Structures are given as structure tokens and as C-alpha cells.
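What follows is the residue order along each chain.
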Amino acid sequence: MKTIVFLIGMLFFIGSGTTQISNPYNTPLPIDCWALNQNSFNLNPNIFKHFSCFELPGNNTVSVTGLREVELSAGKEIHLKPGFSVTNLSGNGNFHAMIEKEDVGVAVFAPLTSLGEVPKCEKLELGLNLPDAITDQIENYFNGVPHDAINPFDPDQISIEANFIHYTNESLNYYEQHILPLALRNTATVRQSFGFYYEEFHTDYSVYTDGNWIRDTTSFDFRIRFSPNETGVWRTEIKIFVQGQLLYTLKPIYFRCTPSNCPGFIVGGATTNDNRHFVFENGDEFFGIGQNIAWADKPNTTMPPGYGPTRTQPPSGYVQQREYIEDLAENGGNLVRILSAEWTDALEWEKLGDYKKSMPFAWEFDQTFDLLSEKDIYILWCMQTHTAFMYENPFSADDSQAWPGNPYNTQLGLPTLESFFTDSQAWDFYKKKIRYLMARWGYSSKIAGLQPFSEINEIAGNDANVDPYFTITSFREDVNNRVIEIKNYIQVELKYNFNIGTSFTSDLGGSNGKDDITIDNDAMSEADFNDWHPYSDGRNRNLGGRWGIINDDSGWALFEKFNKPVIIGENGLNSYQLYDCKENDWHNDLWASSMMGGWATGLPWYLWKGEHNTRENFNFVREFFDTYIDFKNIDWEPMRWPGVPASWSNFFWNPDLTDDYAKKFDNYFEALYMTGDGDHINDKRAFGWVHNRSDYWYNKLTNCENAIITSNNLIAPGDDDPNNSVIINSGNGTNKYRKLRMFHMSNYQIFDIRWFNPLTGVEYIPTQETHGSGDFIVTIPNNVNFTQYNDLVFLMYPNNSSFYTPGSNSPGSEIFVLDENNDKKDSSNLNKIVEETDFNIFVYPNPTNQVVNVNCSEEIISIEICNIMGEKISTKVVNDTSTTIDMIDFSRAVYILKIICLSKNHIVRIVYQ
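Bear in mind that the values here come from a model prediction, so they are computed numbers and not experimental data. (Residues numbered from 1 in each chain as written. Predicted model: local features only at pLDDT ≥ 70, side-chain atom pairs only at ≥ 80, totals over all residues. Heavy atoms only, no water.)

Participant: Provide a residue-level description of the overall build of the protein chain, including the pertinent values.
Facilitator: Counting secondary structure elements, the protein chain contains 18 helices and 43 strands. Here the contacts in the protein chain between residues at least 6 apart in sequence split such that 72% fall between residues at least 24 apart. For the protein chain, the computed accessible surface area is about 35200 Å², with 47% contributed by carbon and sulfur atoms. (Helix = DSSP H or I, 4+ residues; strand = E, 2+ residues; numbered from the N terminus. Contact = heavy atoms within 4.5 Å. Areas by Shrake-Rupley, 256 points an atom, 1.4 Å probe, with all protein chains shown as cover.)

Participant: With reference to specific residues and values, describe the sheet that holds strand β21 (residues 266–271).
Facilitator: Pairing between the strands of a sheet comes from backbone hydrogen bonds, and it takes one of two forms, parallel or antiparallel. Taken together, the 3 strands give an open sheet; going across it, the order is β21-β22-β23, and neighbouring strands pair in antiparallel fashion. Bordering the open sheet on either side are β21 and β23 (285–286), each of which pairs with just one other strand. (Pairing = 2+ DSSP bridges.)

Participant: Residues and numbers for the packing of aromatic side chains, please.
Facilitator: Geometrically, a pair of aromatic rings is defined through the distance of the ring centres and the angle of the planes. Overall, the coordinates contain 79 aromatic pairs when judged by the stated rule. Measuring from centroid to centroid gives 5.5 Å for Phe-365 and Trp-381, while their planes differ by 65°, and the two rings are edge-to-face. Here the residue Phe-365 occupies a position in helix α6 (residues 359–375), and Trp-381 occupies one in strand β26 (residues 378–382), the gap between them amounting to 16 residues. You'll find Phe-365 and Trp-381 in the same group, each marked buried. With a centroid separation of 4.6 Å and an interplanar angle of 35°, the aromatic rings of Phe-389 and Phe-420 are classed as tilted. (Phe/Tyr/Trp six-rings, centres within 6.5 Å; stacked < 30°, edge-to-face > 60°. Buried < 20%, exposed > 50% of the residue type's maximum accessible area, 1.4 Å probe, protein only.)

Participant: Please give an account of the layout of surface pockets that cites residues and values.
Facilitator: Put simply, the largest pocket is a space of about 1100 Å³. Lining the largest pocket are 37 residues; nearest its centre among them are Trp-295, Phe-395, Tyr-535, Trp-605 and Tyr-606. Partitioning the lining of the largest pocket into residue classes produces 13 nonpolar, 16 polar and 8 charged. Size it by volume and the second largest pocket reaches roughly 660 Å³. (1 Å grid on protein atoms, 1.4 Å probe; cavity = no way out; pocket = protein on both sides within 12 Å on 5 of 7 lines; lining within 4 Å. Points joined across faces, edges and corners; volume = space filled by probe spheres on them. Nonpolar A, V, L, I, M, F, W, Y, C, P; charged D, E, K, R; others polar.)

Participant: Can you break down helix α8 (residues 424–441) residue by residue, with the values?
Facilitator: Along its 18 residues, α8 runs 26 Å from first to last C-alpha, staying within 8% of the 26 Å computed at 1.5 Å per residue. The buried count for α8 comes to 13 of 18 residues, which makes it a mostly enclosed element. Measuring from the backbone nitrogen of Gln-425 back to the side-chain oxygen at the start of α8 gives 3.0 Å, which picks out Asp-423 as the cap. (Expected span 1.5 Å × (residues − 1). Polar contact = N/O pair within 3.5 Å; in protein donor to acceptor, adjacent residues only side chain to side chain.)

Participant: Run through helix α2 (residues 132–142), naming residues and quoting values.
Facilitator: Within the span of α2, buried status applies to Ile-134, Gln-137, Ile-138 and Phe-142. The buried residues of α2 occupy an angular sector of 145° when the element is viewed end-on, so they sit on one face. What points out from α2, more than 90 degrees from its buried face, is the exposed set Asp-132 and Ala-133. Where α2 ends, the next residue or the one after it, Gly-144, has phi of about 80°, a positive value. (Arc of directions from axis to C-beta.)

Participant: So, the nonpolar core: which residues are in play, and what are the values?
Facilitator: Grouped burial of nonpolar side chains is what soluble globular proteins tend to show. Core analysis: the largest hydrophobic core is formed by 158 residues, its most contacted members being Leu-128 and Phe-624. For this core, the element with the most residues is α8, which contributes 9 residues. Of all hydrophobic cores here, the second largest spans 21 residues; its members include Val-690, Ile-753, Phe-776 and Val-778. (Core = buried A, V, L, I, M, F, W, Y, C linked by side-chain atoms within 4.5 Å.)

Participant: Account for the pattern of salt bridges, with residues named and values stated.
Facilitator: One pass over the full model with this rule turns up 31 salt bridges. Put simply, Glu-374 and Lys-375 hold a salt bridge, and the shortest N to O gap is 3.9 Å. Notably, a salt bridge pairs Asp-677 with Lys-684, separated by 3.2 Å at the nearest N-O pair. Residue Asp-677 is classed as partly exposed on the basis of its relative accessible area, which comes to 45%. Here the residues in one salt-bridge network are Lys-123, Glu-125, Arg-223, Arg-225, Asp-366, Asp-370 and Arg-440, joined through shared partners. (Salt bridge = Lys/Arg side-chain N within 4 Å of Asp/Glu carboxyl O.)

Participant: Can you lay out a negative patch on the surface for me, pointing to particular residues and giving the numbers?
Facilitator: A cluster of acidic side chains, namely Asp-132, Asp-136, Glu-139 and Asp-148, defines a negative patch on the protein surface. Here Asp-148 lies in the loop between α2 and β13 (158–167). (Patch = residues over 30% accessible without salt bridge, like charges linked within 9 Å, V, L, I, M, F, W, Y side chains within 5 Å. Lys, Arg positive; Asp, Glu negative; His and termini not counted. Charge placed at Lys NZ, Arg CZ, Asp CG, Glu CD.)

Participant: Explain the packing of helix α12 (residues 539–551) against helix α14 (residues 584–594) to me, and be specific about the residues and the numbers.
Facilitator: At a minimum axis distance of 10 Å, the contact between α12 and α14 shows a crossing angle of 15°. When the axes of α12 and α14 are compared, the pair comes out roughly parallel. Regarding α12 and α14, the two cross each other, and that crossing is right-handed. Only Asn-588, Asp-589 and Ala-592 of α14 make contact with α12, whose side of the interface consists of Asn-542, Leu-543 and Arg-546. Along the lines of polarity and charge, the residues of the contact of α12 with α14 split into 2 nonpolar, 2 polar and 2 charged. (Axes fitted to C-alpha atoms, helices over the stretch in contact; angles between N-to-C directions. Parallel < 35°, antiparallel > 145°, perpendicular 65-115°, else oblique. Left-handed = near helix turned anticlockwise from the far one by under 90°.)

Below you can see the structure in the form of C-alpha cells.
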């Protein structure tokens, strides 16, 4: 019997113009199709169950002979092209094609570029169209019908669970993967995701100046989001549970992940070799450069009706927040810290377990995440403010945004705020909220870190100055246990592998002084990173004190005690109004904090709302770390000058203490820097920031600062540097003040030093120092006329080597070429190097884009230009103490300059780029 059967029925096609989607801004794409040809039908057996879509060949005849049975079973569509036919059916050969349509429709909403392909790390968004019986029950819930209702936010009532399976053998085609899934499971990677209830909006400004949210109609009220982190074929398996019962197991969906420049996710719990920085899945290090843009905060706006007294930001506020993020990206930033605040886009506030009122704000947060992906910005996401768990709102007279208005208080009826952290019913609600947050935004590779609470040591504070986190051990343990539970819930149960950390205010000591909460603090010990927020008007507290809290080697500081990455998640002057006078302290905080060994720069809190044009400061910070600093191959150790002995453990908390150790060095400058080992013995290198110690707001008082001191009853801290440094507003001083002592640098080594303007990146004439035995003294260049910020950034590395650059393999990243006079590194030769310090030669800039300047302390006879193999290409006769070499006629490459002077020769490596 010869048959050809097409059981296609109604073709299920979803595309632009379909009547199922009335929202013009949110049109889905059809599910991917598997194109078949004659060779496909020659496989044995011929059972094709792609369960999405087949595309049959046009102008092509498929031959089915003998006893062959061909079965096409598609879950969504079969595309018949003109000219397709089946012939040569003989014996019992049959050709069957059928649509096994599911009760749940599936459509692709992102990416909107190539069907069936998702670039690595980009968002795949699937929409689910559930049966009418379920959507009716959801509407019953929203309409207050008590019976036959489903809360779509409660996973106990409706749960959509998706497994994304990546097969390591990319040569297997879709068909083989479907019929052999068990054989491949052992070599497959499985990642988990969850569906979430979703409402689509657009903004309208025709009635309200600051905009209103207009809900758009969509049949796909549930979404699944996922970002593939490995190229190749992925298989998606979706199950839908209603009231705890498995009702639907959807047909598998396949897509192919294509290559991109993405280094993968920032891996949770994994750090670089020095345990100070985060790494991507491909092993590259991440160093964050950015600031807080904490929430939408546009002033003098009008909320559209229906959002109650708590929410304060209309659409224009979120547009403005994203403009700030765009400006950060345009100025070199790559990290932003955002808090989900009750007054803006917190998920759960109006009603426990019901996020309906927050759907417009969740939609705004979607747009923010899309912008982060577009601009390559990473987010440190604080998922819950501590304000909601304080008895009084410290930032406003309106306590409706604190515990008095918290639904866990008003609706759950907990006896006390403290009981939230032990009540099982409260925890059940809170876990469901966390699950929704991760289902909706946990797909993103732009999440650098998560914080379950901001400033957890402030929880339950502001009630008659009670400070229970510090003073009541059992309460601190309850809070810490809840933070640890949230971390384990996200990473272990929900299987989202992000870095999850703590957040603490500057008052680490609380009422107990320096007997602080780093002692026996399980939350800090279990965290993937720790975050500390130091604010002060004092100069030394802001620079030296911050360094000491992170790095002090007395054993109680954050890094030394926990050996985990640290970030200064907020910093600034206490009296933020002082920034209206000048921004020097903001600039100093940015550079100083970048040298303290954290996984990011300190994240400034103030000036993120566009009051001042400060984001230009990020440009050279980004260029400096991207170009020169390698956290992957080198372990860097933070240092400070002037420093203090570790035994003086209370120095940073008592800045008025007489400090004979620091005072005996009448030093005009101070520096925060990092030292690291290269590949060879005595191959130390360093980078850092050095600035005029007197460049501090109190030393530069004007009428502006004095007016703020008077109007705010500000107690001026004086210059709290125990050295009481010289008050000179210009950066210029005599030579005796222009010294820097550096520790942990190798003895008997000549070091080349490059100096940069921290704001513009302009490079000054390099210098050279020789480290004999004892202290290593570095002289700040005399030829630098300090201007706006009175500071410099420097690189220091062994003579005739180059600084490691990120991504390079350290053994091959530098070439050592010894001077002809110094071809053996024995002890006598090293002593000779120390004696010949009067000879100076400067070759700059390096790298160069055309012209190289050469200056020498004695006459230069000639300069030989050689290729990297040492073969001479050209010779220039000089007979002067300075000259220039124009590289324009040379290819862009690495060259060796042999500089022949009157008394000695000097060899240097030049990069022409």
C-alpha cells in the first residue's frame, strides 16, 4: 500500500501581523525551523520529531522507496515550498507529515535578528500562551474572585520550569540529539530557569508631562529568559505545574548559540589568584570602574494616578536614570550599583505575594537591563534596601517606606521587626519574591554581584538610637543567617551562579568602637565578597582609613580576615554639599580607592544625578587599568605611604594621635600603590596614585565652604593627617617634599617610571630610579606643574622591560635586553649600577604612534634601530643630548633602540602602534 499523508490541519505560525499579538511594540518571531533535504530522508530510521518547525525543500522531489517509513511530527509548523513532492513510493513505503499542536503556544521575543540563533550571552526570551482555562483563573485572582483563582506570582499555584541543555558534541544535528538524548545526557550541561508572569507597557506623555504607563495587550503573559554561555546546540525543555500538578510538558525547542565577544558570566565564588578580583568564565579578570546610580530620582515630577503614596518616580525618572548610565558608559565606566528601593522599582510592597502593582516598574527595570547589555555595563544589584526594615525612615519624615509601611508588618502582623528574620511564613513569602527576581533578571551576564540587603548593620536601627545588630548577638546571628539562606537559595536551589555579598555602613564598629562586627561574622565569612560604605569629612579617614579597613595586617580588616574580594560600594564626604564648592575630594576618592586592592574602584554615591560633570574622571581610570594592569597573571599587594606600623591598630580611629613614625618624614606627597611580582627573580613592579597631601577641602576654604560650615553647623575636622602636612594650594614644592618611599620593591634594580595626568591621560617625561639597599626613595618629577587635582598616576617596572598588559601571557609579555656594559647580573655589577646613578636617559612616549623622544644626561653619539630579532635596520647620527626619531617609514611593530652615548650604551624596547 503506497500512501502519502499530510495531517497538517491549521498551520500554527506566529509572526508580525498575527492577530494573536495586538501590541505593535512587542511582536514575537516564529520558532526556528529545521530545513530538510533529500539527504535527510536517506537517514535510517526516518522518524523526525523536531517538535517545532520543519521546512520541506522546494522544487525538489523526495524519493521514498521500498519499506521505508518517513514520519514528520512538528509541534508548531511545517513549511511546504512550491514544487515539493514525494515520489517512488513502493512496497509498504509511506510518507507521513503531521502537526501535533500543543495546548501551550510558544513564541520567540528576543533576539529579533536571526531565527533559531542566539549570540553568546545575549538574551533569549520565550513567550508562553497558556490555555484559556488558566488565564481565566488568573483574571479571577486579579478581579478578587475568591474561587477558582490562580495567583500568577505564586510558584505554589503556577510554576513554569525550564531546563536548557547544552550538548558538548556540536556536530550532532537536531534529529540525532532528539532520538539519543539519554546517551548524551552524560556529556551535557544543564542550566535551569523559571517562567514569570509578565505585562507589557509603553509610555505615553500626552496627558501627564512626566508620562504614564499604558499596558499593551499580549497573549503571551508568561516569559522565560535565558542567556547561553556556550556556543553550539541547546535544547529547551519546559514543564508547567498548576496547583502542584504537572499539567504540561512542552515539546523540546532547539536553538544554536553563535560566537560573540562575550567572555561569559562573571563566575560566582571564583576569584583571581590573589582572591581580590572576579573572573569571567573564560578566565579573564574583571575590574569594575563606576559609581552608584542607585535609583530613579528625578525631582519635581508628577506621578500618574493609581500608584499610591509610596512610589515616587514616573516614566521620565527612569528615562533620566538610564541617561546617567549611558553617560557613564560614554565616559569609560563599566560598573553601576543600583538598589531596588521601595519608592521606585521594588517588587513587593503594596501586597504580600502580589506584584501586580509593580509591573510597570519591573518593565522599566527590563529596559535598564537591556541598556546594560547594549552598553556593556555590569551591575552590582542590591535587591533589598535596609530602609524597609528600620523602625523609622532616616532619609524622610515619611515612615510609610520603612517598617511602619512594610507589608510584612501591616499585612502579616508580625509582632516585631526582628521577628521577620525568624518567622517561617515571612521567609516563605520572601523566597518567592527572590525566585521571581531571579526568573526575570537572573538571565543576565551583566550581573557582577548581588546583595540581599543594603547596609545590614543598619537593620532595626533608628529607634531611640538602639543599635541591635551591634549590641544583641542573637539578633545579629538571625540577620546573618537570613543573608546566608538567601545566598544558598539563589546559588544552590535556584542554581544561579552569581557572586553574592554583604553590605555594611562606614560605622563598622557601631557603639562598640573598633571591637567590630568582623569578629565571628558568619555573613561576611560565607559571602563571595564584602562591601563597606565609608563616609567622612576627614582627609585621612577617607584615604588612609579606608585603606586600613580593607588591608590592615592586624587581622581584623576585611580582606585579611576573610580572604574574599572587597568593594567600597559607596563613598563620599559626609557633608555632600561641599561638592558644590569643588570636586577635588571626589576625584581623590576615585583614584585612591582604585589602588586599595578592591575588585572595583570605590563607587561614589554623590554626584550621580548629573549635578556636576564628574563622569569625565572615569575615562583615564578605565584606559589606565585596561591598558596596563594585569590582575590575571600578577598578584598585586596594596601599599600606602606614609604608612603606620600594624601594632598601632587604633590609628585610623584616632586620627589626632601623635604619629612620630609618619611625622619624622616631612613628606609633601602621599601615595596609594600596589606592588607585584613579575616572571623573574628581583622582577618587582608597581603602579599607583600619588597626590599633594594638602589637597583637601578644609585646607582650601573659600566663602563657599565657610557658608556650608555655618549653615549646616558642620564641625570642621581640620587637617586630620597626623603629619599636619604643609598647606600649599599649588602642587609645587621644594625637592625635599617631593619624595615617595616605596616598600616591597626588589633591591639592586633600576626602575623605569612613567607618569600620567589622572584626568587627561597626558604622559609626562619618564624618570628612572635605582634601588640599592635599604629604603627605596622615588622623587616626584620636578617638571610637572600640577594644576587642577595636584596628583599623578605612575607605572614602575624594571629597566628595559615593559609593563604587563591584560590578556597577555606574562612570560612572553616582556623582553629583557641588557646593556652591553651590564651583560651579567652578578653582585659586583649590581653595585656598579648603584654607583652610576648620574647617568640618565629618557625614551618616550612608549608605546608611540609615530615620534620617539630621546633625552640623555650626556651626549648621544648615534642611535641604531633594530628589529625584534636584533637585526640593524637603520642608524641615526645625533652628536647631541637630545633628538627625535620619526617612525613613520617603519611598519607598526616592536623595535629595539641601541643608544650609543659617550660613556656607555643603552638598549630599550619600543612599541610602534
